[in-house]
Amino acid sequence: MTRNQRPGPDLQDPERFAREFTEELRFGQGVDFVRAHPTDLYMALARTVRQALISRWIETLDTQMRKGTRVVVYLSAEYLLGRQLDNALLATNLQATARHALASLDLDLDELRDLETEPGLGNGGLGRLAACFLDSLATMQIPAVGYGIRYEYGIFTQIFNEEGRQLEVADSWLKHGNPWEFPHPEMSVEVGFGGTVTHHANGSDRATWHPEVNVLAVPYNYMVPGYRSDAVNTLRLWRAEAAENLDLNEFNSGDFQAAVRQQTEAESISKVLYPEDSTPAGKRLRLQQQYFFVAASIHDFIHNVLPGDFDLRRLHERVVFQLNDTHPVIAIPELMRVLMDENGLPWDEAWNVTRRCFAYTCHTLLPEALEVWPVELIQSMLPRHMEIIYRINSLFLEEVADAFPGNDWRVRRMSIIEEHPEQAVRMAYLATVGSSKVNGVAELHSKLLRERVLPDFAELYPDRFTNVTNGVTPRRFLKLANPELSALISYKIGQDWVTDLDKLRELDQFADDADFVNAMTRIKRENKVRLAEMLKKRDGTILNVDTMFDAMVKRLHEYKRQLLKLLHVVVLHQRISDGEQIVPRTVLFGAKAAPGYTMAKEIIGLINAVGSTIAADPKAAGQLSIVFPANYNVTMAETLIPAADLSEQISLAGKEASGTGNMKFALNGALTVGTLDGANVEIRELVGEENFFLFGMTEEEVSAKQAAGYVPAQYYETDPVLRRALDAISHGDYTQGQSFTYGHVVDSLLAHDPYMVLADFAAYIGVQDEVEKAWNDPALWGRMVVHNIARSGYFSSDRSMRDYLDRIWHVPAVPVK
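Asker: When you look at the overall build of the protein in this model, what are you seeing that I'm missing?
Answerer: In terms of helices and strands, the protein carries 34 helices and 25 strands. Each principal axis of the C-alpha distribution contributes one length, and for the protein these read about 85 × 75 × 65 Å. Counting the 817 residues in the protein, one finds 61% classified as buried. Partitioning the intrachain contacts of the protein with sequence separation of at least 6 by distance along the chain shows that 76% fall at a separation of at least 24. Summed over all atoms, the accessible surface of the protein reaches about 31,700 Å², with 49% contributed by carbon and sulfur. Separation between the mean location of the 82 positive side-chain charges and that of the 111 negative ones in the protein comes to 4 Å.

Asker: What's the story with the pattern of salt bridges in this structure? I'm lost.
Answerer: Should their charged atoms come close, side chains of opposite charge can pair. By the definition in use, this model includes 47 salt bridges. A cluster of three or more residues bridged by salt bridges with shared partners is formed by Asp550, Lys565, Arg585, Glu648 and Glu772.

Asker: Please explain the environment of Arg412 as it appears in this structure.
Answerer: Examined against the element boundaries, Arg412 turns out to sit in helix H16 (residues 408–414). The class of Arg412 is exposed, set by a relative accessible area of 53%. For the pair formed by Arg412 and Leu671, sequence separation is 259 residues and the distance between their alpha carbons is 47 Å.

Asker: I keep staring at the pairing of strand S23 (residues 646–649) and nothing clicks. Help me out?
Answerer: The two faces of S23 match: Leu646 and Glu648 on one face and Ser647 and Gln649 on the other face are all buried. With two bridges joining them, strand S20 (residues 548–553) and S23 adopt parallel strand pairing. Within S23, the residue paired with Ala551 across the bridge is Ser647. As paired elements, S23 and strand S24 (residues 671–674) share four bridges and run parallel to each other. The residue bridging Ser647 from the neighbouring strand is Thr672, located in S24. Remark: the S23/helix H26 (residues 661–667)/S24 crossover connection has right-handed handedness.

Asker: What's the story with the sheet that holds strand S15 (residues 372–374) in this structure? I'm lost.
Answerer: In sheet architecture, strand pairing relies on hydrogen bonds along the backbone and comes in two forms, parallel and antiparallel. With antiparallel pairing, three strands are arranged side by side in an open sheet as S15-S17-S16. At either end of the open sheet lies a strand with only one pairing partner, and these are S15 and strand S16 (417–418). Where S16 meets strand S17 (residues 424–426), two bridges bridge the pair, whose relative direction is antiparallel. Each residue of the ladder has a partner; that of Glu418, found in S17, is Ala424.

Asker: When you look at the nonpolar core in this model, what are you seeing that I'm missing?
Answerer: Nonpolar side chains in soluble globular proteins tend to be buried together. Membership of the largest hydrophobic core comes to 161 residues, with the highest contact counts inside it found for Phe292, Phe321 and Trp809. Top element by residues in this core is helix H11 (residues 280–305). It accounts for eleven residues. What Trp809 contacts, discounting residues up to four positions off in sequence, is Arg70, Val72, Leu137, Val320, Gln322, Met801 and Tyr804. Listed in part, the 106 residues of the second largest apolar core include Leu478, Leu567, Tyr716 and Ile729.

Asker: Help me out: how do you make sense of the environment of Val305 in this one?
Answerer: For Val305, the location among the structural elements is in helix H11. Taking the C-alpha atoms as reference points, Val305 and Gln64, 241 residues apart in sequence, are found 9.6 Å from one another. When neighbours within four sequence positions are excluded, Val305 is seen to be in contact with Met65, Asp300 and Arg318.

Asker: What exactly am I supposed to notice about unusual backbone geometry here?
Answerer: Negative phi values dominate among residues other than glycine, just as trans dominates among peptide bonds. Residue Pro421 follows His420 across a cis peptide bond; omega there is 0°. Note that Pro421 resides in the loop between S16 and S17. Here the phi dihedral of Gln141 falls at roughly 60°; this positive angle occurs in a residue that is not glycine. Here Gln141 shows up in the loop between helix H7 (125–139) and strand S4 (144–149). The exposure class of Gln141 is buried, given its relative accessible area of 17%.

Asker: When you look at the sheet that holds strand S25 (residues 693–694) in this model, what are you seeing that I'm missing?
Answerer: A sheet is described by the order of its strands in space; here six strands give the open sequence S22-S21-S20-S23-S24-S25, paired in parallel fashion. The open sheet has two edge strands with one neighbour each: strand S22 (624–627) and S25. Pairing of S24 with S25 involves two bridges; the strand directions are parallel. Directly across from Val673, in S25, lies its bridge partner Phe693. Along the sheet, helix H23 (residues 562–577) contacts S20, strand S21 (585–590), S22 and S23; its crossing angle with S21, the most-contacted strand, is approximately 155°. Contacts from helix H33 (residues 778–790) reach S23, S24 and S25, with the element oriented near 90° to S24.

Asker: Hey, could you run me through the packing of aromatic side chains in this one?
Answerer: In this description, a pair of aromatic rings is defined by centroid distance and the angle of the planes. The final tally for this structure, using the stated rule, is 23 aromatic pairs. Aromatic side chains Tyr429 and Phe457 sit 4.7 Å apart centroid to centroid with 55° between the ring planes, which places their arrangement in the tilted category. One end of the pair, Tyr429, is in helix H17 (residues 427–433); the other, Phe457, is in helix H19 (residues 455–460), and 28 residues separate them in sequence. Note on Tyr429: relative accessible area 16%, which makes it buried. Taking 5.3 Å as the distance between ring centres and 85° as the angle between the ring planes, the aromatic pair formed by Tyr794 and Phe795 counts as edge-to-face. Through a chain of ring-to-ring contacts, three or more aromatic side chains come together here, namely Tyr74, Phe133, Tyr804 and Trp809. The cationic tip of Lys528 hangs over the ring face of Phe549; the distance from NZ or CZ to the ring centre is 4.8 Å.

Conventions used here
- Starting afresh in each chain, residues are numbered from 1 along the sequence in its written order.
- Reporting in this predicted model follows two pLDDT cut-offs: at least 70 for local features of residues, and 80 or more for side-chain atom pairs to be given and counted; totals over whole chains, interfaces and linings ignore these cut-offs and use all residues.
- To obtain the side-chain values, all non-hydrogen atoms of the structure were used and water was disregarded.
- Only DSSP runs of H or I with at least four residues qualify as helices, and only runs of E with at least two residues qualify as strands; both kinds are numbered from the N terminus onward.
- Buried, partly exposed and exposed residues are distinguished by accessible area as a fraction of the type maximum, computed with a 1.4 Å probe on protein chains only: under 20%, between the cut-offs, and over 50%, respectively.
- Pairs of residues are marked as contacts when any of their non-hydrogen atoms sit within 4.5 Å.
- Per-residue and other accessible areas were derived by the Shrake-Rupley procedure at a 1.4 Å probe size, with only the shown protein chains allowed to occlude residues.
- The charged-residue count follows a simple rule in which Lys and Arg add positive charge and Asp and Glu add negative charge, with His and chain termini not counted at all.
- To locate a charge, take NZ of a lysine, CZ of an arginine, CG of an aspartate or CD of a glutamate.
- Salt-bridge detection follows one rule: a side-chain nitrogen of Lys or Arg within 4 Å of a carboxyl oxygen of Asp or Glu.
- Here a strand pair is declared whenever DSSP counts at least two bridges between the two strands.
- Handedness of a crossover is defined as follows: orient the strands so they point away from the viewer, and if the path from the first strand over the helix to the second runs clockwise, the crossover is right-handed.
- In these notes, a set of buried Ala, Val, Leu, Ile, Met, Phe, Trp, Tyr and Cys residues joined through side-chain atoms within 4.5 Å is what counts as a nonpolar core.
- Note on geometry: axes are lines fitted to C-alpha atoms, helical ones only across the stretch in contact, with angles between N-to-C directions running from 0 to 180 degrees.
- Pairing of aromatic side chains requires ring centres within 6.5 Å, counting the rings of Phe and Tyr and the six-membered ring of Trp. Pairs whose planes differ by under 30 degrees are stacked, by over 60 edge-to-face, and all others tilted.
- The criterion is that NZ of a Lys, or CZ of an Arg, lies within 6 Å of the ring centre and within 35 degrees of the ring normal, and then a charge sits over that ring.

Remember, this is a structural readout, not a statement about activity or role.
Put into structure tokens, the structure is as follows:
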């Protein structure tokens, strides 16, 4: 065992670990074994394991501060971390020690692991990506800190009512405490809102903002350990508190609600992840959240990371602020305010520094996902920032006019501030103007970003745009999630693949090795059994592990086309009813719909209705089933993804930015059926087109069909298979004869079908028939699986970080000893 693998001599010994655990239980939780609740046991275990990280953490901070090199500051509104105990055990190499030590105390590690509540501090791929990136940066010993919000209630807990419709329940992930966080109220930052601005005389760029309300941002630190690396970086999340918690006069007068009103309003800022923003109050709260965490983060970096005498005109030499989508973009005018108003830099110097400090990652191609904030809202909440945005825009439009003389229409359409239907700030435009680099997250996405989303900006700043294809951490999504497959891989090619995923290419030589393929097939079945046991224990759901596991797990959005998958299930059910033979399938859905997204919630209800009808049909028994476990999250993904045979990546071409689920499935040996969208394009190129089930229109064909006038009803009229499937839903065959229940979903497809489900239907059914043929040839399927795993090394988040470092950040590693 190398030095980097060792957590330290004290905890390597199981007897020592058991003693430390017992002391944590007694002195940390204040109980003994007789009185200990299972939660006490979990908390004691977590605190014991974190002992092995704290010294490394402090040494990392000290080393990075001494070196004084450039730092990556990752600004993200979301972090989907997953459970922390498993990752900490892996990073410290304590899995076997902990299991042995706990067994000596008649305790089971797996039972205690299951007690951990996953922090749901994100909505989907954006937050999971952020967590993967932090893992890779620590593993690579890159100085980095993540900043975000410590939401008291994360992404909602999803449940289904008796009709199978989604209901949302608050996710109280902190109700039992959190042993992985370190609060530092003494380092709180005051963040202002509202108020007025006073300008200094003599034409100075400097102004003084007098906020009407001040809120405290209280930092909570989390350790981010690297794998086989002594580095432990930091994730700092902010919690909102009132500057003054209690109005004692109001309280003593008997008006108890008024006494705590300021406290309630302040704490609402970090209360809930992504408050529903269809109301003015919801919009205001979202913008408050965004400014709250970036203002606190910039202040924290300048005052607590930089030396006290640091010349801020050189700030870009010490930091790169990476904007993870548009949520943190208000940081650009905030840094301008800090540099000018608080530190006296003139506009030109401040703007030169600011533009060189920021880089922006765009994660979408959907216009509605590019945030736009009403000028009136920003003006009332952040009056100084609105002034700065106006000036940035004015100077930028002068630059545009000089570059394209006489083209007034271009000047108007490139304005950061749109005029209709109301004056509003286009945050993606502000990010592009205020950053040194702008990147997409897959080759196709970056191409469309330049050509379709921000074409004028790409023409003005061609060198500013680049691509960094997303990646996933192999530590969590292979080493932890699929231990048996990981062990088989290590047996064949050694263990270096965990930090150098390109090593997986060495597995290609075993694609025709029957023993190796059989071993992988056995592991896949064991993973199915593991998933079946989990769902039986949790939900009482029974899975047939001798079927193909066909998985579509992702956020519910119409462009991702869960409806297309469901129509395929209906076709399969109708084939069974006709007496045809099909490959037995278990179709696994996992998806949450945004609370205000009505059609997405209707689709969830329809999926469950179809599933219930199939489950009640004796002809379908053992042949076809839908399993839709509620509340899909990172923890469930770690069990479901290794069990999947087929990965559904079927979004309309040109709509998905990248996707990362597609990478996780391929890495774990699921074959992909997909369109040429997002990172599917690169997956197909790398694994080989013969190892990928391709269907559907290309992005160019989609655009051409839209331009020609897409008429979805014509597909209904000309395709009898499609017509039969849609009629079955409309007529109530899957809703106990109640035709009105989901008929409007079909009506929407026939009338509008914005994501061309009907246009791609026939091709999708055709490629699924190809899937069945391949499945019926185990040697062919096994060979395809091996090639998918062997050629997925490119999709490591370590490679993504190297690309960011080479193309954008230019931050050197700082070895920690």
